[in-house]
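Structure assessment
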Amino acid sequence: MSRFAPAVLALALAVPLSPLLGAEPAGTSPAGTTPDALLGFSAASAEEQTAWEQRFDRALDAADLETWMHRLAARPHHLGSPGSKANAEYMAELFRSWGYQVEIEEFQVLFPTPTERRVEMLEPRRFVATLVEDALAEDATSGQSGEQLPTYNAYSIDGDVTAEVVYVNYGVPEDYEELARRGISVEGRIVLARYGRSWRGIKPKVAAEHGAVGCIIYSDPAEDGYAAGDTYPEGGFRPAQGTQRGSVMDMPVHAGDPLTPFVGATAEAARLDRSETTVLTRIPVLPIAARDALPLLEALGGAVVPRDWRGALPITYHFGPGPTKVRLALAFDWRIVPLYDVIARMPGAELPDQWIVRGNHHDAWVNGATDPTSGMIAVLAEAKALGELVRQGFRPRRTIVYAGWDGEEQGLLGSTEWAETHAEELRAKAVAYVNSDSNSRGFASRGGSHLLETLVNEALRDVVDPQRGTSVAARARARQALTGSPDEQQAAREGKPLALAALGSGSDYTPFLQHLGIASLDVRFGGEGHYGQYHSIYDSIDHYERFMDPGYRYGVALAQTNGRIVLRLAQADVLPFDPDPLAATVARYVEEVVKLADEMREQTETERWRIEERIYEIAADPDQTFVVPAPEDPVPHLGFAPLLNASAALRRSAERYGRARTARLADGPPLSAAERARIDALLMATERALTREDGLADRPWYRHHLYAPGFYTGYGVKTLPAVREPIELRRWDQASAGIEATATALRAAAEQIERAAAIWERP
């Protein structure tokens, strides 16, 4: 499901690292040598850990990744298909051969597939969209038409509508504001939106809210086609017939099976009637290729769109409405199908009831070489290498669980149903969840819980980048120094730790982090692959080996990176959670929402003056037709004091924890086993404390009060969502309630850290 931007950062490759950053930042060491003491490890245990990690690296073989790629991506393997079941069984046998306790957990989920798809232009001339991706002689698997899912958007409703077309750019809320300013309505019309700028499910959602009766989403070459580079098969970018499949389920409401929210979709589970679910679209929606969109756009009339609305097709882009009139007809077979989650356990020798969960999905829209097989084969490589260490005498202290999720593409179905089914056990035992998805050559992409930021930095420090020969941390820092914001560039030049991005949604960390409050990470590589095959039949082995990761070198690098994270979580004397980055990040988020309210207050006042001036101008010249918007309601005073105070408390607790830990390690007695266990429990509880059982307003499935997908961004994150989003939507009572709820969560997290610090402080 996850998507990388297709930009190729040639500048970062061309500029030597040393003039930018000098030597490796202080406190780090080149990969292959003994690093400084690792967070959570004594000096002796860190040395032993490093030795095992070197053995782990030697057990990784790119040839294995190639073998598994050619097996798993050889045929289409979407949810509910024979290919998906066969792949699950194949991976289960691999895990068993490496010494794991393995089971395949089956769930029954709603998965519609199309029985009718039609886009027909009736006026000003007739045109019928092909809705087909052509097989290519240069791509060995593109001709497997009998097994391929057609091009469509899962969880669109059935519908047969005929209406004029309006071009709505990316179809996000600000685009409708522009249409309103120009007096253009989409009510009773079909909107034509281009992919990009937001998750695809937002486009029909916003269109329906504005009265549209249908939605067509097309792939404009400006995003990932010929404007980005040579198209497939000459290059890696999307050809004119390439079409992006994808789910449009309203995941910002909840992830997982539409019929069983909060409950695992077992065969015995009580299910909603389809009419009761809140995550299906309200209007029919279908994706089309650039070549099918071109005649529709070419026929549109109306005013010429502004510059930033123009794509790369060889036409003048107009708004409409009409004269383009289209019939959009869709019907689906609404079936319940099985999904297959592969779960492999390596029990912990000392702390079997502390689980490190490492996952990647295995289902794809078609063959899915990049998305997701490139990530899944790295997980298999990690698991095989760990099995080899165990044969050499290694024993993980904590239990390690490897997971291959099914049904991710439709809405994180496999991971969500497993997490909901085992929710109580996971809340009690899960230390962390480590995710990946697609993987390709380039830079280390990292996001997740800020308690884990130091752990990730240490892992990135100790892995060599396959292309540059320096650490992947140094390469990521070089990219940041060249392309980041001014603050990020300064931080990179000063050698500061790499920040973790906050996680929104779009991959399998969502149920663990945002529903259950389990500290989570999403770490992978990318940024240099020619990512134009996304969710098409061209996401193939041929495409992957030519344009994404030739030689599987970044697959090995991903296994090295996430392997270190998993092993360090499993082996640390005390869990390697660091409250300091969490407190610093929360302080920044709080500052942002206070500033947001202030800026909106100023903008509202300025806009009211502009509206009054415009009314005066129109009164003087009644022939003008510009639509004057109604003024926004004023921004009231919001009492941010509880949030500011809670953030300050979190900062004080983090500082106390750091001082106490440093002092105890410097000259205090070693922690007893009981003390270590208690600190572990409190650190695990810190992330849990950031959730609230009643969840976010209007979407209680999402419980985390630091990170959530945006209601109108989908994959894009909203930090402090109970505060930020109501402010943006001008829901002032909800914002005030969100301030109190978030402050309560922050105080609860601070309390866990205080209690852990007190244990470090004991003589």
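Remember, predicted model here, so these are calculated numbers, not experimental data.

**Re the packing of aromatic side chains**
Scanning the entire structure with this criterion turns up 26 aromatic pairs. Relative to Trp-309, the ring of Tyr-167 has its centre 6.0 Å away and its plane inclined at 80°; by these criteria the two rings are edge-to-face. One end of the pair, Tyr-167, is in strand 4 (residues 159-167); the other, Trp-309, is in the loop between helix 9 (290-299) and strand 9 (325-346), and 142 residues separate them in sequence. Each of the two residues, Tyr-167 as well as Trp-309, counts as buried. With a centroid separation of 5.7 Å and 55° between ring planes, the pair formed by Tyr-232 and Tyr-538 is classed as tilted.

**Points about the pairing of strand 14 (residues 520-527)**
Of all 8 residues in strand 14, 8 are buried; the element is thus mostly enclosed. Burial along strand 14 is two-sided: the residues Ser-520, Asp-522, Arg-524 and Gly-526 and Leu-521, Val-523, Phe-525 and Gly-527 are all buried. Inspection of the sheet shows strand 12 (residues 430-435) paired to strand 14 by 3 bridges, in the parallel sense. Counted as the bridge partner of Val-434 is Leu-521 from strand 14.

**A few points about the environment of Thr-691**
When you line up the elements, Thr-691 lands in the loop between helix 22 (673-689) and strand 15 (707-709). According to the relative accessible area criterion, Thr-691 is buried, its value standing at 18%. Separated by 150 residues in sequence, Thr-691 and Ile-541 place their C-alpha atoms 41 Å apart. Only 2.6 Å separates the side chain of Thr-691 from the backbone oxygen of Arg-688, close enough to count as a polar contact.

**Here's the deal with the packing of helix 3 (residues 43-58) against helix 19 (residues 553-571)**
Interhelical geometry of helix 3 versus helix 19 gives an angle of 145° and a closest axis separation of 11 Å. Here helix 3 runs over helix 19; the crossing is right-handed. Across the interface between the two elements, Gln-49, Glu-53, Phe-56 and Asp-57 of helix 3 pack against Ala-559, Gln-560, Gly-563, Arg-564, Leu-567, Arg-568 and Gln-571 of helix 19. Split into classes, the residues belonging to the contact of helix 3 with helix 19 amount to 3 nonpolar, 4 polar and 4 charged.

**Observations concerning the side chain of Lys-205**
Relative to the helices and strands, Lys-205 resides in helix 7 (residues 202-209). The class of Lys-205 is buried, set by a relative accessible area of 11%. Apart from residues lying up to four places away in sequence, Lys-205 is in contact with Asp-250, Pro-252, Phe-711 and Tyr-712.

**So, unusual backbone geometry**
In this structure, Pro-233 follows Tyr-232 across a cis peptide bond, with omega equal to 15°. Among the structural elements, Pro-233 can be located in the loop between helix 8 (221-224) and strand 7 (246-247). Gly-320 connects to Pro-321 through a cis peptide bond whose omega is 0°. Mapped onto the elements, Pro-321 comes out in the loop between helix 9 and strand 9. Positive phi is not limited to glycine here, since Leu-412 has a value of about 60°.

**What to know about the pattern of salt bridges**
A full pass over the atoms with the stated rule returns 47 salt bridges. For Glu-120, the salt bridge is made with Arg-118, and the minimal N-O distance between the two is 3.1 Å. The class of Glu-120 is buried, set by a relative accessible area of 9%. With a closest N to O distance of 3.2 Å, Lys-496 and Glu-494 form a salt bridge. Judged by its relative accessible area of 43%, Lys-496 is partly exposed. Using a relative accessible area of 44% as the deciding quantity, one classes Glu-494 as partly exposed. Salt bridges sharing common partners tie together Glu-53, Asp-57, Arg-461, Asp-462, Arg-564 and Arg-568.

**As for the confidence of the model for the protein chain**
Looking at the protein chain, pLDDT values average 93 and 92% of them are 70 or higher. Low pLDDT, under 50, characterises residues 4-35; the stretch is placed with 69 contacts to residues that sit more than four places away or in other chains.

**Section: the side chain of Asp-462**
Tracing the chain through its elements places Asp-462 in the loop between helix 14 (453-461) and helix 15 (472-483). Judged by its relative accessible area of 6%, Asp-462 falls in the buried class.

**Focus: helix 19**
Between its first and last C-alpha, helix 19 extends 27 Å over 19 residues, near the 27 Å set by a 1.5 Å rise per residue. Counting buried positions along helix 19 yields 18 of 19 residues, so the element is predominantly enclosed.

**What to know about the nonpolar core**
Phe-95, Tyr-100, Val-119, Leu-297, Tyr-402 and Leu-569 are the most contacted members of the largest nonpolar core, which totals 225 residues. If we ignore the near neighbours within four places in the chain, the residues touching Tyr-402 are Phe-95, Tyr-100, Val-342, Ile-343, Ala-344, Arg-358, Val-379, Glu-382, Ala-383, Leu-386 and Val-566.

**Focus on the packing of helix 23 (residues 721-728) against helix 24 (residues 732-761)**
Between helix 23 and helix 24, the shortest axis-to-axis distance is 7 Å and the interhelical angle comes to 165°. Judged on the interaxial angle alone, helix 24 and helix 23 are roughly antiparallel. The way helix 23 lies across helix 24 gives a crossing that is left-handed. Residues Ala-722, Val-723, Pro-726 and Ile-727 of helix 23 pack against Trp-732, Gln-734, Ala-735, Gly-738, Ile-739 and Thr-742 of helix 24.

**Notes on the environment of Val-456**
Of note, Val-456 is situated in helix 14. Residue classification places Val-456 among the buried residues on the basis of a relative accessible area of 1%. Residues Val-456 and Pro-497 lie 41 residues apart in sequence; the distance between their C-alpha atoms is 9.5 Å.

**With respect to helix 18 (residues 541-548)**
Along an α-helix, residues three or four apart share an orientation, since each turn contains 3.6 residues. The set of residues buried in helix 18 consists of Ile-541, His-543, Tyr-544, Phe-547 and Met-548. One side of helix 18 holds all its buried residues, which, seen down the axis, span an arc of 165°. On the buried face of helix 18, the contacting elements are helix 4 (62-72) and helix 10 (369-391).

**Observations concerning the pairing of strand 9**
Counting buried positions along strand 9 yields 16 of 22 residues, so the element is predominantly enclosed. Bridge count between strand 4 and strand 9: 6 bridges; the pairing is antiparallel. Residue Ala-163 lies in a different strand from strand 9, and its bridge partner there is Val-326.

The rules behind each value
Residues numbered from 1 in each chain as written. Predicted model: local features only at pLDDT ≥ 70, side-chain atom pairs only at ≥ 80, totals over all residues. Heavy atoms only, no water. Phe/Tyr/Trp six-rings, centres within 6.5 Å; stacked < 30°, edge-to-face > 60°. Helix = DSSP H or I, 4+ residues; strand = E, 2+ residues; numbered from the N terminus. Buried < 20%, exposed > 50% of the residue type's maximum accessible area, 1.4 Å probe, protein only. Pairing = 2+ DSSP bridges. Polar contact = N/O pair within 3.5 Å; in protein donor to acceptor, adjacent residues only side chain to side chain. Axes fitted to C-alpha atoms, helices over the stretch in contact; angles between N-to-C directions. Left-handed = near helix turned anticlockwise from the far one by under 90°. Contact = heavy atoms within 4.5 Å. Nonpolar A, V, L, I, M, F, W, Y, C, P; charged D, E, K, R; others polar. Salt bridge = Lys/Arg side-chain N within 4 Å of Asp/Glu carboxyl O. pLDDT = per-residue confidence, 0-100. Expected span 1.5 Å × (residues − 1). Core = buried A, V, L, I, M, F, W, Y, C linked by side-chain atoms within 4.5 Å. Parallel < 35°, antiparallel > 145°, perpendicular 65-115°, else oblique. Arc of directions from axis to C-beta.

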